[in-house]
Amino acid sequence: KKTYNYDHISPGYYDIIYKKKSGIQSAWHGLKFNFVKKQIKQKGVHLDVGCGPGTFIGMFKSKICKGLDISKKQINYAKKTYQTRNNKFYLVKNNKFPFKSNYFDTISIIELIEHLNRKSINRIISESFRVLKKNGLLIITTPNYNSLWPILEMLVNKFTKVSYEEQHITKLNKTKLNKFISKNKFKIIRLGS
């Protein structure tokens, strides 16, 4: 039951990294956010699970978006920086989402599940299934540990303030991710690296 105390990360840390527009971390965040954003239709209601400081939701101006995170500091930052009439942020406890069933058209889980133990991953995916509309779209991104990611992670660990070595407690690849998704009633449309 590994866990990491995310209160050690300063409020808005990843938002600041993203906005810096230089360096490995900033480029990586930009690439993944833009990739996920292209998958989401402009209409409908979107949920970002593990939203951190709200950076991804901040990319949407007219879409209705909700963000969830376990860190009170990050949610407070997100509310202060990105909350609007359409964009709302919520603190979540015990991986139980505070929304009714069949509510969201799309859900993103961006670079979150590698930070969780297997039990928490299953709970998050199960809750996503509960709150997602039938034929809704769940988009998950996570490092592929059967790719060049471990080398990139080693560089980030060496040259930045935050260590992914401590934070990434469940190392996944396509096969392991496929098992989590299939076990939780989802149909996989595309699995790539």
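Please refer to the structure higher up on the page.
Calculation notes
Counting restarts for each chain: residues are numbered from 1 in the order of the written sequence. Selection of residues for local features in this predicted model requires a pLDDT of at least 70, selection of side-chain atom pairs for listing and counting requires 80 or more, and totals for whole chains, interfaces and linings are taken over all residues. Water and hydrogen atoms were dropped before computing side-chain values, which therefore reflect all heavy atoms in the structure. We count a stretch as a helix when DSSP gives it H or I for four or more residues in a row; a strand needs E for two or more, and each element gets its number in order from the N terminus. Where accessible areas are quoted, they stem from the Shrake-Rupley method and a 1.4 Å probe; at the residue level, only the protein chains shown are allowed to cover. Grouping buried Ala, Val, Leu, Ile, Met, Phe, Trp, Tyr and Cys residues that are joined through side-chain atoms within 4.5 Å yields what is termed a nonpolar core. For every residue, the accessible area obtained with a 1.4 Å probe (protein chains only) is divided by the maximum for its type, and the residue is called buried under 20%, exposed over 50%, and partly exposed between those limits. The criterion used for residue contact is that any of the two residues' heavy atoms lie within 4.5 Å. By this definition, two strands are paired if DSSP reports at least two bridges between them. Structural elements are reduced to axes, namely lines fitted to C-alpha atoms, with helices fitted over the stretch in contact, and the angle between N-to-C directions of any two is expressed from 0 to 180 degrees. Stacked, edge-to-face and tilted labels apply to pairs of Phe, Tyr and Trp rings (six-membered ring for Trp) whose centres lie within 6.5 Å, assigned for plane angles under 30 degrees, over 60, and everything in between, in that order. Basic side-chain nitrogens of Lys or Arg form a salt bridge, by our definition, when they fall within 4 Å of a carboxyl oxygen of Asp or Glu.

Draft legend 1. Quick look at the overall build of the protein. Looking only at helices and strands, one finds seven helices and five strands in the protein. Ordering the α and β elements of the protein from the N terminus gives α-α-β-β-α-β-β-α-β-α-α-α. Carbon together with sulfur atoms contributes 55% to the accessible area of the protein, which is approximately 10900 Å² in total.

Draft legend 2. Just the nonpolar core, in detail. Leu47, Val49, Phe97, Phe104, Ile107, Ile109 and Ile140 are the most contacted members of the largest nonpolar core, which has 25 residues in total. Listed by contribution, the elements that provide at least two residues to this core are β1 (45-49), β4 (104-110), α4 (118-131), β5 (132-141) and α7 (174-183). By residue number, the principal contributor to this core is α4, which donates four residues. The residues contacting Val49, other than those within four sequence positions of it, are Leu68, Phe97, Ile107, Ser108, Ile109, Ile110, Leu112, Ile124 and Ser128. By size, the runner-up hydrophobic cluster in this structure holds 16 residues, among which are Cys51, Met59, Phe60 and Cys65.

Draft legend 3. Molecular detail of unusual backbone geometry. In the Ramachandran plot, Lys21 falls in the positive-phi region, its phi being about 60 degrees despite a non-glycine side chain. On the secondary structure map, Lys21 appears in the loop between α1 (13-20) and α2 (24-39). The backbone phi angle of Asn135 is positive, close to 70 degrees, even though this residue is not glycine. Here Asn135 lies in strand β5. On the basis of relative accessible area, Asn135 is assigned to the exposed category, the value being 77%.

Draft legend 4. Looking closely at the sheet that holds β5. Within the open sheet, the five strands sit side by side as β3-β2-β1-β4-β5. Their pairing is parallel. With partners counted over all chains shown, the strands left at the sheet margins are β3 (87-91) and β5, one partner each. Strand-to-strand, the axes of this sheet are offset by a mean angle of 20 degrees, without reference to chain direction. Judged from the five bridges that link them, β1 and strand β2 (residues 64-69) form a sheet pairing that is parallel. When the sheet's bridge partners are listed, Val45 is paired in β2 with Ile64. Helix α3 (residues 72-82) contacts β2 and β3 of the sheet and is inclined by roughly 165 degrees relative to β3.

Draft legend 5. Structural view of the packing of aromatic side chains. The final tally for this structure, using the stated rule, is nine aromatic pairs. Between Phe33 and Phe56, the aromatic rings sit 5.5 Å apart at their centres with planes inclined by 45 degrees, giving tilted as the arrangement. Placement of the pair is Phe33 in helix α2 and Phe56 in the loop between β1 and β2, with a sequence separation of 23 residues. For the residue pair Phe33 and Phe56, the accessibility class agrees, reading buried in each case. Measuring from centroid to centroid gives 5.2 Å for Phe129 and Phe186, while their planes differ by 90 degrees, and the two rings are edge-to-face.

Draft legend 6. Structural context of the pattern of salt bridges. Counting across every chain of the model gives four salt bridges. One salt bridge connects Glu127 with Lys96, and the closest N-O pair in it is separated by 3.8 Å. Of the two residues, Glu127 is situated in helix α4 and Lys96 in the loop between β3 and β4; the sequence distance between them amounts to 31 residues. Residue class for Glu127 comes out buried when judged on its relative accessible area of 9%. Where Arg130 meets Glu127, a salt bridge forms, and the shortest distance between an N and an O atom there is 2.9 Å. Residue Arg130 and its partner Glu127 are both found in helix α4; the two are separated by three residues, about one turn of the helix. Look at the salt bridges and you will find they share partners, linking Lys96, Glu127 and Arg130 into a network.

Shape descriptors only; they carry no functional weight alone.
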